Amino acid sequence: MEVTLKNLTKRFPSRDKKNHDDVIAVNNFDFEIPDGKLIGLLGPSGCGKSTVLNLISGLLKPTDGRIFFGEDDVTDLPPENRGIGLVFQNYALYPHLTVKQNILFPLENLKGKDKLTKDQMLEKASEAAKLVQIDELMDRKPRELSGGQQQRVAIARALVKMPKVLLLDEPLSNLDARLRIQTREEIRRIQRETEVTTIFVTHDQEEAMSISDMIVVMKDGIVQQIGKPQDVYDSPTNLFVAKFLGTPPINVFDGQVRDNRLYIGDDTVLKISGVPDKTVFVGIRPEGFILSKEGAFGCRLNGVEVMGRDISVVSTNEASLNPTVRSIIGAENKLSAQTDHASEGSVVRFNLIPRKVFLFDKETEERIDFEEC
Ligand code: ADP
Ligand code: MG
């Protein structure tokens, strides 16, 4: 089921005594979520992610705009008539009911033509439990389950009615790191198997990037960029998006374009064309540095962190907006051979990979296109 948001806006009255302006939690959302895909809604805490989800579910009424499921305008439908499945961060299972009873619960409330026989309900519950691999825990109570298992039950309960749209609001936040990765892969698998249109809310860019077909990056209630995770990473529309995606994060410097050259400090780090002379922010992805004795860009070495496959070179540069500059270099590179002394405080030199370098306008922070020469 495709979901279309048309000029969707939600304002909340200000509760701040000094500032009476409304909070615009969702500002004019206007895009289509394709059928059968997994969409990641991504942004920092407070940017309006849960509000969007609650508007789609019908738990909140929009101030403006419409919501369509396929051709149907569902804006005025109550949540129970929208055909949605909801999963929240805190699993919200009924503590006094067994796993089986929790999963059966939404089916028992079906009325009229949708009403099922007991056998049909049990079969559907068993299918949903198998899908999330908890079919052996059906007689347990929620308190007898781990966090990951509880969240699977919550997902099974959301799926049992075969929703048209599955809405997940930070479903992994209460799980430990390892379980979080495992469960996000499970969610991906379940979504592929059921092909139910899924909207997955998270503040964790890595989580969203790893499982989404498409991500929607938000800031202060405003959509910044929509696209495939790799495309957004490779072509961020502005400095906020560039900084929000990627670990370690992008390195940002004060730079200057002069006579078709890009300068950071006194170093000419790239030859470019298509940009008038001006000062800019320069973003360089950590994987955009190549160690080279005669490299164009010099930084002062702080240390080297070995991370198995790669090494992370930590350095400083006066033009850097962050305290340190992080570059990721394949472990086959011998740092000592590339630098004079490879000791702390010595100069380490890099050449830059142009497609890993982005320029941003200092005022608007929008990305500036350039061509490499
Ligand atoms: P997120 O889920 O991205 O953390 P939310 O959608 O929960 O963000 O909140 C977005 C903004 O709307 C925040 O500034 C929040 O304080 C505000 N907000 C959310 N719900 C309400 C409400 N019921 N009343 C007033 N303000 C709210
Ligand atoms: Mg939220």
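Anything mentioned here points back to the structure above.
What counts and how
- Residues numbered from 1 in each chain as written.
- Chains lettered and ligands numbered in written order.
- Predicted model: local features only at pLDDT ≥ 70, side-chain atom pairs only at ≥ 80, totals over all residues.
- Heavy atoms only, no water.
- Helix = DSSP H or I, 4+ residues; strand = E, 2+ residues; numbered from the N terminus.
- Buried < 20%, exposed > 50% of the residue type's maximum accessible area, 1.4 Å probe, protein only.
- Contact = heavy atoms within 4.5 Å.
- Axes fitted to C-alpha atoms, helices over the stretch in contact; angles between N-to-C directions.
- Parallel < 35°, antiparallel > 145°, perpendicular 65-115°, else oblique.
- Left-handed = near helix turned anticlockwise from the far one by under 90°.
- Nonpolar A, V, L, I, M, F, W, Y, C, P; charged D, E, K, R; others polar.
- Core = buried A, V, L, I, M, F, W, Y, C linked by side-chain atoms within 4.5 Å.
- Expected span 1.5 Å × (residues − 1).
- Arc of directions from axis to C-beta.
- Near = heavy atom within 4 Å.
- Polar contact = N/O pair within 3.5 Å; in protein donor to acceptor, adjacent residues only side chain to side chain.
- Areas by Shrake-Rupley, 256 points an atom, 1.4 Å probe, with all protein chains shown as cover.
- Phe/Tyr/Trp six-rings, centres within 6.5 Å; stacked < 30°, edge-to-face > 60°.
- Lys NZ or Arg CZ within 6 Å of the ring centre and 35° of its normal.
- Pairing = 2+ DSSP bridges.

A.B. asks: Explain the overall build of the chain here, please?
C.D. replies: Along the chain, the regular secondary structure elements total nine helices and 22 strands. Taken over the C-alpha atoms alone, the chain extends approximately 75 × 45 × 40 Å along its principal axes. When burial is assessed residue by residue, the chain has 48% of its 373 residues classed as buried. Relative to all contacts within the chain whose residues are 6 or more apart in sequence, the contacts with residues 24 or more apart total 65%.

A.B. asks: What is the right way to read the packing of helix 2 (residues 99-108) against helix 4 (residues 147-159) from this model?
C.D. replies: Helix packing geometry: the angle between the two helix axes and the distance between the axes. Following both chains from N to C, one finds helix 2 and helix 4 inclined at 30 degrees, their axes separated by 7 Å at the closest point. In this view, helix 2 runs roughly parallel relative to helix 4, as classed from their interaxial angle. With respect to the hand of their crossing, helix 2 and helix 4 are arranged in right-handed fashion. Contact residues: V99, N102, I103 and P106 in helix 2; V153, A156 and R157 in helix 4. A per-class count over the contact of helix 2 with helix 4 returns five nonpolar, one polar and one charged.

A.B. asks: Help me understand the nonpolar core in this model?
C.D. replies: The tendency in soluble globular proteins is for nonpolar side chains to be buried as a group. Within the largest apolar cluster, 36 residues are counted, with the highest numbers of intra-cluster contacts made by I103 and I134. Broken down by secondary-structure element, the contributors of at least two residues to this core are helix 2, helix 3 (118-131), helix 4, strand 7 (165-169) and helix 5 (177-194). Take this core: its biggest share by element is six residues, from helix 4. Residues in contact with I103, not counting those within four places in the same chain, are A125, A128, A129, I134, M138, V153, A156, R157 and V160. Formed by 28 residues, the second largest nonpolar core is a distinct cluster that contains I272, V280, C299 and I368.

A.B. asks: Is there a simple way to think about helix 3 in this case?
C.D. replies: Each full turn of the α-helix corresponds to 3.6 residues, which orients residues three or four apart in the same direction. For helix 3, with 14 residues, the first-to-last C-alpha span of 20 Å sits near the 20 Å given by 1.5 Å per residue. Residues of helix 3 that are buried: M121, A125, A128, A129 and L131. Seen from one end, helix 3 has its buried residues packed into an arc of 160 degrees, which puts them on one side. Those residues of helix 3 that are exposed and angled more than 90 degrees off the buried face are D119, E123 and K130. Residues of helix 3 that are buried sit in contact with helix 2, helix 4 and helix 5.

A.B. asks: Teacher, can you tell me more about the site of ligand 1 here?
C.D. replies: In the vicinity of ligand 1, the contacting residues are F12, R15, V23, A25, P44, S45, G46, C47, G48, K49, S50 and T51. Contact between ligand 1 and G48: an oxygen atom at 3.0 Å from a main-chain N or O atom of the residue. Interatomic distance of 2.5 Å between a side-chain N/O atom of T51 and an oxygen atom of ligand 1. The fraction of the free accessible surface of ligand 1 (560 Å²) that becomes covered by protein chains is 63%. No other element matches helix 1 (residues 49-57), which puts three residues into the shell around ligand 1. Here the residues of the shell around ligand 1 sort into five nonpolar, five polar and two charged.

A.B. asks: How do you make sense of the packing of aromatic side chains when you look at a structure like this?
C.D. replies: When we look at a pair of aromatic rings, we describe it by the centre distance and by the angle of the planes. One pass over the full model with this rule turns up six aromatic pairs. For the ring pair F29 and F31, a centre distance of 5.7 Å and an interplane angle of 45 degrees mean the geometry is tilted. Accessibility expressed as a relative area gives 0% for F29, which makes it buried. Ring centres 5.0 Å apart and planes at 70 degrees place the aromatic pair F289 and F350 in the edge-to-face group. Here F289, found in strand 15 (residues 289-291), pairs with F350, found in strand 19 (residues 347-352); they are 61 residues apart in sequence, far enough to count as distant. Stacked on the ring of Y263, the Lys or Arg R258 has its end atom at 4.3 Å from the ring centre. Note that R285 overlies the ring of Y233, its terminal NZ or CZ placed 3.9 Å from the centroid.

A.B. asks: What is the right way to look at the sheet that holds strand 15 in this model?
C.D. replies: Sheets are built from strands that pair by backbone hydrogen bonding, the pairs being arranged parallel or antiparallel. Taken in spatial order, the five strands of this open sheet run 15-19-16-17-18, and their pairing is antiparallel. Two strands lie at the open edges of the sheet, namely strand 15 and strand 18 (325-330), each paired on one side alone. Strand after strand, the sheet turns through a mean of 50 degrees between neighbouring axes, direction not considered. Bridge count for strand 17 (residues 310-316) against strand 18 is six bridges, and the pairing is antiparallel. Within the sheet, the bridge partner assigned to V314 lies in strand 18 and is R326.

Purely spatial values, then, with no claim about function.
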